[in-house]
Amino acid sequence: GAFTDPADAVRCAEAIQRRFAAGAPVRLRVAINTGACIAVRLNAKLDYFGNAVNLAARLQALVEAGQIVVAASTASTPAVAALVAARAAERLTAALKGIAGEVTAYRWTIA
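Residues numbered from 1 in each chain as written. Predicted model: local features only at pLDDT ≥ 70, side-chain atom pairs only at ≥ 80, totals over all residues. Heavy atoms only, no water.

> Please give an account of the sheet that holds strand E1 (residues 29-32) that cites residues and values.
Spatially, the 4 strands line up as an open sheet ordered E1-E4-E6-E5, and their pairing is mixed. Only two strands of the sheet have a single partner each, and these edge strands are E1 and strand E5 (90-95). Neighbour-to-neighbour, the strand axes of the sheet open up by a mean angle of 30 degrees, direction not taken into account. Bridging between strand E4 (residues 67-71) and strand E6 (residues 102-109) involves 5 bridges; their strand directions are antiparallel. (Pairing = 2+ DSSP bridges. Helix = DSSP H or I, 4+ residues; strand = E, 2+ residues; numbered from the N terminus. Axes fitted to C-alpha atoms, helices over the stretch in contact; angles between N-to-C directions.)

> I'd love a proper account of unusual backbone geometry, names of residues and values included.
At Ala44, a position not held by glycine, the phi torsion is positive, near 70 degrees. On the secondary structure map, Ala44 appears in the loop between strand E2 (38-42) and strand E3 (45-49). Within the chain, Ala88 stands out as a residue other than glycine whose phi angle is a positive 50 degrees. Since its relative accessible area comes to 65%, Ala88 is described here as exposed. (Buried < 20%, exposed > 50% of the residue type's maximum accessible area, 1.4 Å probe, protein only.)

> Report on the state of the cysteines, specifying residues and quantitative values.
Structurally, a disulfide amounts to a covalent bond that connects the sulfur atoms of two cysteines. In total, this model carries 0 disulfides according to the counting rule given. Cysteine Cys12 shares no disulfide, and the gap to the nearest cysteine sulfur, in Cys37, comes to 16 Å. (Disulfide = S-S within 2.5 Å.)

> Outline the side chain of Thr74, listing residues and values.
Along the chain, Thr74 turns up in helix H3 (residues 72-75). Apart from the residues lying within four places of it in its own chain, the contact partners of Thr74 are Pro6, Ile32, Asn33, Thr34 and Val80. (Contact = heavy atoms within 4.5 Å.)

> How would you explain the nonpolar core if you had to name every residue and give the values?
Counting residues in hydrophobic clusters, the biggest one holds 15 residues, and the most contacted among them are Val10, Ile32, Ile68, Val70, Val80, Val84 and Trp108. For this core, the elements supplying multiple residues, two or more each, are helix H1 (6-21), E1, E4 and helix H4 (78-86). With 4 residues, H1 is the largest single contributor of residues to this core. Look past the residues within four positions of Trp108 in its chain and what remains in contact with it is Val10, Glu14, Gly66, Gln67, Ile68, Val70, Val84, Arg87 and Ala89. By size, the runner-up hydrophobic cluster in this structure holds 11 residues, among which are Leu55, Leu59, Val69 and Leu96. (Core = buried A, V, L, I, M, F, W, Y, C linked by side-chain atoms within 4.5 Å.)

Structure (structure tokens):
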């Protein structure tokens, strides 16, 4: 998904996780990052490419089913910072495949 407000992305991720936690046979991992990307329409479908998208994809390696991870750059925005603090999110620092240097992110579980 793509959002203009990163706090909306976090709230949506939590709503999706709650929906799937309620006895669904499928569990999801959600990773959120913000940044510039390239949007391409192909065969009536919109897709996104770029470093911001790649980092979000790599962040998924830091979560398990039922969890959400948010890149530190996204978590630094005031509205998202408040959401992350209210969830007592775990701060992580990790090396991710294809990403230069270590990445800091915040992770929490939706029960």
